[in-house]
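# Examining the three-dimensional arrangement
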Amino acid sequence: MITTYETGYIRFPSFSLIRRVFQLSADYFEWTLVLLLVLGFFLSSWHDAHIAKLVVENPQRNDFFLVDYYALNKDSDIRHRYVPMKVLEVKRDSIVFKVGGIAHSTKVSVDKHVQFDKPMLDNYYRKQTLELSFSKIADYFQTGTIYSAARPRNIYINGWIVMHQNEL
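About the thresholds
Residues numbered from 1 in each chain as written. Predicted model: local features only at pLDDT ≥ 70, side-chain atom pairs only at ≥ 80, totals over all residues. Heavy atoms only, no water. Core = buried A, V, L, I, M, F, W, Y, C linked by side-chain atoms within 4.5 Å. Buried < 20%, exposed > 50% of the residue type's maximum accessible area, 1.4 Å probe, protein only. Helix = DSSP H or I, 4+ residues; strand = E, 2+ residues; numbered from the N terminus. Contact = heavy atoms within 4.5 Å. Pairing = 2+ DSSP bridges. Axes fitted to C-alpha atoms, helices over the stretch in contact; angles between N-to-C directions. Phe/Tyr/Trp six-rings, centres within 6.5 Å; stacked < 30°, edge-to-face > 60°. Lys NZ or Arg CZ within 6 Å of the ring centre and 35° of its normal.

## A closer look at the nonpolar core
Counting 17 residues, the largest nonpolar core has F65, F97, I137 and I146 as its most contacted members. If you list the elements that add at least two residues to this core, you get α2 (29–57), β3 (64–68), β4 (82–90), β5 (94–100), α5 (134–143) and β7 (146–150). Every residue in contact with I137, bar those within four places of it in the chain, is listed here: V56, F65, I95, F97, L132 and I146. Counting 13 residues, the second largest nonpolar core, distinct from the first, contains F64, Y82, V110 and I155.

Here you go:
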């Protein structure tokens, strides 16, 4: 409770609650650390999902979309279905993609797809391209067919080289 004196000075309440919280966190350091780690994990997951949503809603050239390709093309291999796709061109009502040629059997992060600078390999992308409309892309993102997306900074994604300098 804030009290005022006749001289006009204000006396703020003691910070006993704040002191008590710090005392409890010091007494239960291990639990505080576990709580902070769990909170950090959820915050990191939310951040990754938020970035993916922003990239899908506003695609640009050289963005990477991680896709369940079997859901797009039932004639593809069901065992190796999770591939990256790179945006080649953003048209007025559609997007042209290069489809990755190196696939995974489980959903993996963009780091796993570009690990060891694999996009620099000659056989990383297939020769044919794929064109999808914005409405289909939004539907695929809602259903989880497009499960993640990333935008490179310069020629890197999280420290891995994903394109040549002349592609910027």
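## Describing the sheet that holds β4
The antiparallel open sheet is built from five strands, whose spatial order is β6-β5-β4-β3-β7. Single-partner strands in this sheet number two, and they are β6 (125–133) and β7. Between one strand axis and the next, the sheet turns through 30° on average, direction left out of account. Strands β3 and β7 of the sheet are contacted by α2, whose axis makes an angle of about 85° with β7. Where α5 meets the sheet, it contacts β3, β4, β5, β6 and β7, and its direction lies at approximately 100° from that of β6.

## Quick look at the packing of aromatic side chains
Both the distance between ring centres and the angle between the ring planes are used here to describe each pair of aromatic rings. Inspection of every chain in the model, using the stated rule, returns four aromatic pairs. Between F41 and F42 the ring centres are 5.6 Å apart and the planes differ by 70°, which places this aromatic pair in the edge-to-face class. Ring geometry for F65 and F97: centres 5.2 Å apart, planes at 70°, overall edge-to-face. Here F97 lies in strand β5 and F65 lies in strand β3, a separation of 32 residues in the sequence. Assigned by exposure class, F65 and F97 land together as buried. Across from the ring centre of Y125, 4.7 Å away, lies the NZ or CZ of K98, which sits over that ring. It is R126 that lies over the ring of Y69; its NZ or CZ is 4.7 Å from the centre.

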